[in-house]
Amino acid sequence: MFARNQWYVIGWSRDIGADLYSRMVCGESILVFRKEEGTLAAMRDACPHRLLPLSMGLREGDTIRCRYHGLVVDADGRTIEMPLKADRANAALCAAKYPIVERYGFAWVWIGDAEAADPALVPDFWMCAPPEWVVDGDTYHVRCDYRLLIDNLMALTHEAHVHATSIGQHELRDFPIDTRVEDGKVILQRWLADVPAPPAYEAAAKGGRVDRWQVCYFIAPSNVAIDVGVAPVEEGATLANHPVRSFVINAITPETETTSHYYWGASRNVDIENRARTAQTKAVQAAVFKEDIEILEAQQRSIETNRDLKMRNFSIDAGGVRARAIIRRLAGRASAEPAALLADENE
Amino acid sequence: MFARNQWYVIGWSRDIGADLYSRMVCGESILVFRKEEGTLAAMRDACPHRLLPLSMGLREGDTIRCRYHGLVVDADGRTIEMPLKADRANAALCAAKYPIVERYGFAWVWIGDAEAADPALVPDFWMCAPPEWVVDGDTYHVRCDYRLLIDNLMALTHEAHVHATSIGQHELRDFPIDTRVEDGKVILQRWLADVPAPPAYEAAAKGGRVDRWQVCYFIAPSNVAIDVGVAPVEEGATLANHPVRSFVINAITPETETTSHYYWGASRNVDIENRARTAQTKAVQAAVFKEDIEILEAQQRSIETNRDLKMRNFSIDAGGVRARAIIRRLAGRASAEPAALLADENE
Amino acid sequence: MFARNQWYVIGWSRDIGADLYSRMVCGESILVFRKEEGTLAAMRDACPHRLLPLSMGLREGDTIRCRYHGLVVDADGRTIEMPLKADRANAALCAAKYPIVERYGFAWVWIGDAEAADPALVPDFWMCAPPEWVVDGDTYHVRCDYRLLIDNLMALTHEAHVHATSIGQHELRDFPIDTRVEDGKVILQRWLADVPAPPAYEAAAKGGRVDRWQVCYFIAPSNVAIDVGVAPVEEGATLANHPVRSFVINAITPETETTSHYYWGASRNVDIENRARTAQTKAVQAAVFKEDIEILEAQQRSIETNRDLKMRNFSIDAGGVRARAIIRRLAGRASAEPAALLADENE
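Residues numbered from 1 in each chain as written. Chains lettered and ligands numbered in written order. Predicted model: local features only at pLDDT ≥ 70, side-chain atom pairs only at ≥ 80, totals over all residues. Heavy atoms only, no water.

Visitor: What's the story with the overall build of chain A in this structure? I'm lost.
Guide: Of the regular secondary structure elements, chain A holds six helices and 17 strands. Computed over its C-alpha atoms, the radius of gyration of chain A comes to 22 Å, within 12% of the 20 Å expected for a compact globule of 347 residues. By principal-axis analysis of the C-alpha atoms, chain A measures approximately 80 × 50 × 35 Å. The burial tally for chain A puts 56% of its 347 residues in the buried class. As presented, chain A carries roughly 14,000 Å² of accessible surface, and 51% of it is formed by carbon and sulfur atoms. (Helix = DSSP H or I, 4+ residues; strand = E, 2+ residues; numbered from the N terminus. Rg over C-alpha atoms; globule rule 2.2 N^0.38 Å. Buried < 20%, exposed > 50% of the residue type's maximum accessible area, 1.4 Å probe, protein only. Areas by Shrake-Rupley, 256 points an atom, 1.4 Å probe, with all protein chains shown as cover.)

Visitor: So what exactly am I meant to see when it comes to the interface of chain C and chain B here?
Guide: When the parts of a complex come together, some accessible area is lost, and that lost area is often taken as the interface size. With 30 residues of chain C at the contact, the number on the chain B side is 32 residues. For the pair chain C and chain B, the summed buried area comes to about 2,800 Å², and 51% of that belongs to carbon and sulfur atoms. Sorting the residues of chain C by area buried against chain B places C:R50, C:L51 and C:Y68 first, and these three jointly supply 28% of that buried surface. Here chain C is connected to chain B by three salt bridges. For B:E294, the salt bridge is made with C:R67, and the minimal N-O distance between the two is 3.5 Å. Across the chain C-chain B interface, the total number found is 14 residue pairs in polar contact (both at pLDDT 80 or more). Split by residue class, the side of chain C that touches chain B holds 15 nonpolar, six polar and nine charged. (Contact = heavy atoms within 4.5 Å. Buried area = accessible area lost by both parts, 1.4 Å probe. Salt bridge = Lys/Arg side-chain N within 4 Å of Asp/Glu carboxyl O. Polar contact = N/O pair within 3.5 Å; in protein donor to acceptor, adjacent residues only side chain to side chain. Nonpolar A, V, L, I, M, F, W, Y, C, P; charged D, E, K, R; others polar.)

Visitor: Sorry if this is basic, but what is going on with the interface of chain A and chain B here?
Guide: Facing 32 residues of chain A, the contacting portion of chain B comprises 30 residues. For the chain A and chain B pair, buried surface summed over both sides reaches about 2,800 Å², with 51% attributable to carbon and sulfur atoms. The largest per-residue losses of area from chain A upon contact with chain B belong to A:R173, A:R312 and A:F314, which jointly make up 24% of the total buried on that side. Counting across the interface, chain A meets chain B through three salt bridges. Between B:R50 and A:D151 there is a salt bridge, with its nearest N and O atoms 2.7 Å apart.

Visitor: Explain the relation of the copies chain A and chain B to me, please; I cannot follow it from the model alone.
Guide: Rotating chain A by 120 degrees about the axis while translating it 0.2 Å along that axis superimposes it on chain B, leaving an RMSD of 0.1 Å. What we have between these two chains is a three-fold relation. By C-alpha distance to the rotation axis, the residue of chain A lying nearest is A:E304, at 13 Å. (Least-squares fit on C-alpha atoms with pLDDT ≥ 70 in both.)

Visitor: What's the story with the packing of aromatic side chains in this structure? I'm lost.
Guide: We describe a pair of aromatic rings using the distance from one ring centre to the other and the angle between the two ring planes. Summed over the entire model, instances satisfying the criterion amount to 39 aromatic pairs over all chains. Relative to B:W213, the ring of B:W191 lies with its centre 5.6 Å away and its plane at 10 degrees, an arrangement referred to as stacked. Here B:W213 lies in strand β14 (residues 210–219) and B:W191 lies in strand β13 (residues 185–195), a separation of 22 residues in the sequence. A residue is classified by how much of its surface remains accessible, and B:W213, at 4% relative accessible area, is buried. Among the aromatic residues, those joined into a ring-pair cluster are A:W12, A:F106, A:W108 and A:F125. The ring of A:Y140 has A:K290 lying over it, and the distance from NZ or CZ to the ring centre is 4.4 Å. One residue, B:R14, lies across the ring of B:W12, its end atom 4.6 Å from the ring centre. (Phe/Tyr/Trp six-rings, centres within 6.5 Å; stacked < 30°, edge-to-face > 60°. Lys NZ or Arg CZ within 6 Å of the ring centre and 35° of its normal.)

Visitor: Looking at this model, I keep getting lost on the environment of C:E304. Mind explaining?
Guide: Among the structural elements, C:E304 can be located in helix α4 (residues 275–305). In sequence terms C:E304 and C:D15 are 289 residues apart; their C-alpha atoms lie 33 Å from each other.

Visitor: Please clarify how empty space enclosed by the protein should be interpreted in this entry.
Guide: Rolled over the atoms, a probe as big as a water molecule pinpoints where empty space is left. Enumeration according to the criterion identifies five cavities of 30 Å³ or more in this entry. The calculated volume of the largest cavity comes to roughly 50 Å³. Forming the boundary of the largest cavity are A:R50, C:D151, C:A155, C:N313, C:D317, C:G320, C:V321 and C:R324. Ranked by residue count, the leading element in the lining of the largest cavity is helix α5 (residues 318–330) of chain C, at three residues. (1 Å grid on protein atoms, 1.4 Å probe; cavity = no way out; pocket = protein on both sides within 12 Å on 5 of 7 lines; lining within 4 Å. Points joined across faces, edges and corners; volume = space filled by probe spheres on them.)

Visitor: Would you mind going over the side chain of B:K35 with me for this structure?
Guide: Take B:K35: it is sitting in the loop between β3 (28–34) and β4 (40–44). B:K35 sits in the buried class, given a relative accessible area of 19%.

Visitor: I tried to follow the packing of helix α1 (residues 146–153) of chain B against helix α5 (residues 318–330) of chain B on my own but got confused; where do I start?
Guide: Residues and elements named next belong to chain B. Across the interface, α1 lies against α5 with an axial gap of 8 Å and an inter-helix angle of 145 degrees. As for how α1 packs across α5, the hand of that crossing is right-handed. Taken together, the residues of α5 that come into contact with α1 (itself represented by Y146, R147, L148, I150 and D151) are G320, A323, R324 and I327. In terms of residue class, the contact of α1 with α5 is made up of five nonpolar, one polar and three charged. (Axes fitted to C-alpha atoms, helices over the stretch in contact; angles between N-to-C directions. Left-handed = near helix turned anticlockwise from the far one by under 90°.)

Visitor: Mind showing me how you'd approach the pairing of strand β4 (residues 40–44) of chain C here?
Guide: Across a regular strand the side chains alternate sides, sitting on one face of the sheet and then on the other. All names here are of chain C. For β4, a buried count of five out of five residues is recorded, marking the element as mostly surrounded by other parts of the structure. Pairing of strand β3 (residues 28–34) with β4 involves five bridges; the strand directions are antiparallel. Looking at the pairing, F33 lines up with A41 of β4. Where β3 hands over to β4, the hairpin turn is made up of five residues, of which G38 adopts a positive phi near 110 degrees. (Pairing = 2+ DSSP bridges.)

Visitor: Help me understand the sheet that holds strand β13 (residues 185–195) of chain A, please; the structure alone is not making it clear to me.
Guide: Pairing between the strands of a sheet comes from backbone hydrogen bonds, and it takes one of two forms, parallel or antiparallel. Residues and elements named next belong to chain A. Sheet architecture is open: seven strands sit in the order β11-β17-β16-β15-β14-β13-β12, paired in antiparallel fashion. A strand with exactly one partner marks an edge of an open sheet, and here the two such strands are β11 (134–142) and β12 (178–182). Averaged over all neighbouring strand pairs, the angle between strand axes comes to 15 degrees, with direction disregarded. Strands in contact with helix α1 (residues 146–153) are β11, β14 (210–219), β15 (223–232), β16 (246–254) and β17 (260–268); relative to β16, the strand with the most contacts, it is inclined by about 160 degrees.

Visitor: Explain the side chain of A:Q6 here, please?
Guide: Within the secondary structure, A:Q6 is located in strand β1 (residues 6–12). For A:Q6, the residues in contact, after removing those within four places along its chain, are A:V109, A:W110, A:I111, A:P221 and A:L330.

Visitor: Can you walk me through the sheet that holds strand β17 (residues 259–268) of chain C in this structure?
Guide: Residues and elements named next belong to chain C. The seven strands are arranged β11-β17-β16-β15-β14-β13-β12 in an open sheet whose pairing can be described as antiparallel. Every interior strand has two partners, whereas the edge strands, β11 (134–142) and β12 (178–182), have only one. The average angle at which neighbouring strand axes cross in this sheet is 15 degrees, direction not considered. Sheet strands in contact with helix α1 (residues 146–153) are β11, β14 (210–219), β15 (223–232), β16 (246–256) and β17, and its direction is about 160 degrees off that of β16.

Visitor: What is the right way to read unusual backbone geometry from this model?
Guide: In most cases, non-glycine residues show a negative phi, while peptide bonds are predominantly trans. Cis peptide bonds are those with omega within 30 degrees of zero, and the linkage from B:P130 to B:P131 qualifies with 5 degrees. Its place among the elements puts B:P131 in the loop between β10 (106–111) and β11 (134–142). The linkage connecting B:A220 with the following residue, B:P221, adopts the cis geometry, with an omega of 5 degrees. Tracing the sequence through the fold places B:P221 in the loop between β14 and β15 (223–232). With a phi angle near 55 degrees, B:D271 is a residue other than glycine that sits in the positive phi range. Relative to the helices and strands, B:D271 is located in the loop between β17 (259–268) and α4 (275–305). The backbone of C:C26 sits at a positive phi, close to 50 degrees, despite the residue not being glycine.

Visitor: Looking at this structure, how should I read the packing of α1(A) against helix α4 (residues 275–305) of chain A?
Guide: Helix-helix packing is described using two parameters, namely the angle between the two axes and the distance between the axes. All names here are of chain A. Closest axis-to-axis distance for the α1/α4 pair is 10 Å, and the angle between their directions is 130 degrees. The orientation of α1 relative to α4 falls into the category oblique. The interaxial crossing formed by α1 with α4 has right-handed handedness. The segment α1 lies against α4, with L148, L149 and N152 engaging D292, L296, Q299, Q300 and I303. The class makeup of the residues in the contact of α1 with α4 is four nonpolar, three polar and one charged. (Parallel < 35°, antiparallel > 145°, perpendicular 65-115°, else oblique.)

Visitor: Is there a simple way to think about the pattern of salt bridges in this case?
Guide: Side chains that differ in sign of charge can pair as their charged atoms come close. A full pass over the atoms with the stated rule returns 72 salt bridges over all chains. Here B:D62 ties to B:R59 by a salt bridge, and the two come within 3.0 Å at their closest N and O atoms. For B:D62, a relative accessible area of 22% translates into the label partly exposed. Across the pair B:E182 and B:R180 runs a salt bridge, and its minimum N-O distance is 2.5 Å. Of the residues examined, B:E182 reaches a relative accessible area of 35% and is grouped as partly exposed. With relative accessibility at 28%, the residue B:R180 sits in the partly exposed group. Shared partners join several salt bridges into a network, and the residues in it are A:R14, A:D15, A:D136 and A:K282.

Visitor: Would you mind showing me how to read the nonpolar core here?
Guide: Generally speaking, a soluble globular protein has its nonpolar side chains buried in company with each other. C:I10 and C:F125 are the most contacted members of the largest nonpolar core, which has 100 residues in total. Every residue in contact with C:F125, bar those within four places of it in the chain, is listed here: C:Y104, C:F106, C:W108, C:I219, C:N223, C:V224, C:A225, C:I249, C:N250 and C:A251. (Core = buried A, V, L, I, M, F, W, Y, C linked by side-chain atoms within 4.5 Å.)

Visitor: Just checking my understanding: could you explain the state of the cysteines for this structure?
Guide: A covalent bond bridging the sulfur atoms of two cysteines is what the word disulfide describes. If you walk through the whole model with that rule in mind, you get zero disulfides over all chains. Between B:C216, a cysteine without a disulfide, and B:C128, which holds the nearest cysteine sulfur, the sulfur-to-sulfur distance is 15 Å. On the basis of relative accessible area, B:C216 is assigned to the buried category, the value being 0%. Lacking any disulfide linkage, C:C47 is separated from the closest cysteine sulfur, that of C:C66, by 3.9 Å. (Disulfide = S-S within 2.5 Å.)

Encoded structure:
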């Protein structure tokens, strides 16, 4: 159920330094650390000898000495010293190396065939690229299938109910959502013209009514960027032209089939030196996503408890349905999107 | 292993009100709430859209709005409003409705084919029917197969050992137990003539020796009522004629294959306005049943640990053996009671 | 994966008295107690009636009364009283008896066919036999496959890394280890000539350099005795002649496939009345083995997490490889040791 030969976020760049950092991605345990020259090393987090996690080992320069019998691997995972010095290490003795790159503030690890790893395929989070943009956020561990998180982010309808006291407003249900696929991305958009500002946007509204926009971009295999904002009606913003831009950033990395790491944040291209604003946005997001996680973990438990029931897709799920179709195709499970699914299920 | 097309207690009537109440019965998660006109509604506790428990939703009159995307179901579980108002709900979109009735102080839910639900089939707890009777008790969650609880209640012999300090007395082992099946009920009875009173009955004994009776009625699929009491020997009570009657009430509802909800209490037809007596009886029962639960949960663990061993049936298990035979038949597993089982196993 | 028809330690003799003692060995739950005449009784820890652990029962002389329905078994596990006194117990009604003997300070239970139990087959811990020897130690529950513990004890190399602050010293890696099989025992030995004393041996070194020895004996099915010590170089000790002898004692008993009881201790043949020395040795061992357990439990988790990876055997694993080959043969899994395994895997 995981799409392989893909880049997945394994952490915020800022969270990975000289210390040994370990995380499971798509069921594979991976050790990451920052080499002395500044780039990252990633390898399977198990000693090639007796499988003790290398992350329990000792770092010696850019090598890791296993804490059990003292085998040493280099930054590429190759054994360079055996437990008994006199023994000769051969080329097959290694912790499998993972391609890893840093971009957009994240460390991305390649799950699949290492030879196929192409940094040009890193998901395009252009809205997280300095110096024009500032990005900040945090990491949550969520006990649910990563696809439930994608469904959540690609179905804007839930805001009115899950987030009633922050970004929700009942007018959300009155405006249509347009869904399309462009360049392999699923795009959902909704424009709310001339509405009151929801609680989280009161300051931006400057006391009056606003235009509000939400444009979700699903970027395979499991990322979602959402262009969100409001502008006072009198400013005459349009979908094509709202120069002040602020994105909600979501990189969702499967840990196991029923658990995920959720790297979330916000980016913007205005007032980017304003740290108080950055911190305030992060605090609002943290509260909003905690509300989502309560729902998502309950949903996961309910799916496991009610094995005889199936989730249904409505018109509002069009984004998630298309994102799942792309994931299925990338995972080699299906060759095309199911054409008439939505209409059928909603009748 | 569950008998279907049966009424099971899902809660004490008094515990189910306007709040959303959720409980798993025979592996099915069920939402219950009291409608504005006073009767109960019950439906599968999963939104027909994305399976979030409806019990996490918001009650609006007699409808429930799912907290995830806002789908609304009525008290019969039918979708009456879609997440996007413009979408049309069809008849197939529903949380399955469960027949539910209130009787004898309990709410009973029907597990099986809803069309077959007949309130006349509610297990006959006539000794819990006001105004002649008062009933009170509580609910325990027990980590064991519900049939172990039935075995326990239908084998009076355990009292001498499990409940030595309350209702146990060594004389229990000296008197025979009669077992029979009548009108689909398994009946066990024991009459202890002219014995000292056990600790819990000292007050009733008025300082002298007593006659003591225990008559257990197994009422399918998983209920046990036990007519218990003592009378001073000089009162000349008989099994047929002991007008002061006090029953131990036990409704055992399977939650999963290895966990149960145990609704227990006591009913009596004397001094029914005496709340202090009611509370005292309940406190004694709570202590006695805690002792049982320690045993039953250890027994369940031992069954799981010792997969190569089988439980044996002795003469004292005649009640449980017959009750299990009825359950097997109701569950479609067997066509008749094993006739010679007890004699064989005890030789 | 367990070798049957073997004696396993079920406890320290001193820990088993009049109280009912229960432990799982090779997946079988076993009750042990000391009879009034002083020897031990052992039987399956489940009542032959309804499987409640007999260890929850009441001891009456040398019999056990089950706490559930009062069935009584004698010290051989035979039912001698039924829950209803009038019922007759037959010969088949019993908790299976286990052969049990006491030797070398331990209680040993026979797992397999009781008729085949021969006390002469108790693993030979001759270095734990008073009056020439004193032995003391403790018990740890370890969440790992028992064979990982054997691997650990039979690969002396880990000391430099896991126990760097106590018995480790970097010189350990400079001296060869000799491995051989003699009389069904796997023997590993290493002689470190003229080295500094590691921290735990500073007192014995008397301020100078020492000769140090380590000789590990694997004694099937799952025991390891290690002859360890240092002597000041000027004393001219040899492997064949170091009269002051001190052994590390390790009896490892599988509980389940992934958990074990680890009975560890030390024995010595000098200064045997010195209780302070005995206590000091035990304290050092406790600290050392805690370090091992942290590693071993992490290794077990890693094995379970990384199902696609296999442990590799190097020259330093020769002892564990041979011990595992013996275990496989005893468990009926293989007929001989894999001859060329080590050479192959290390090239």
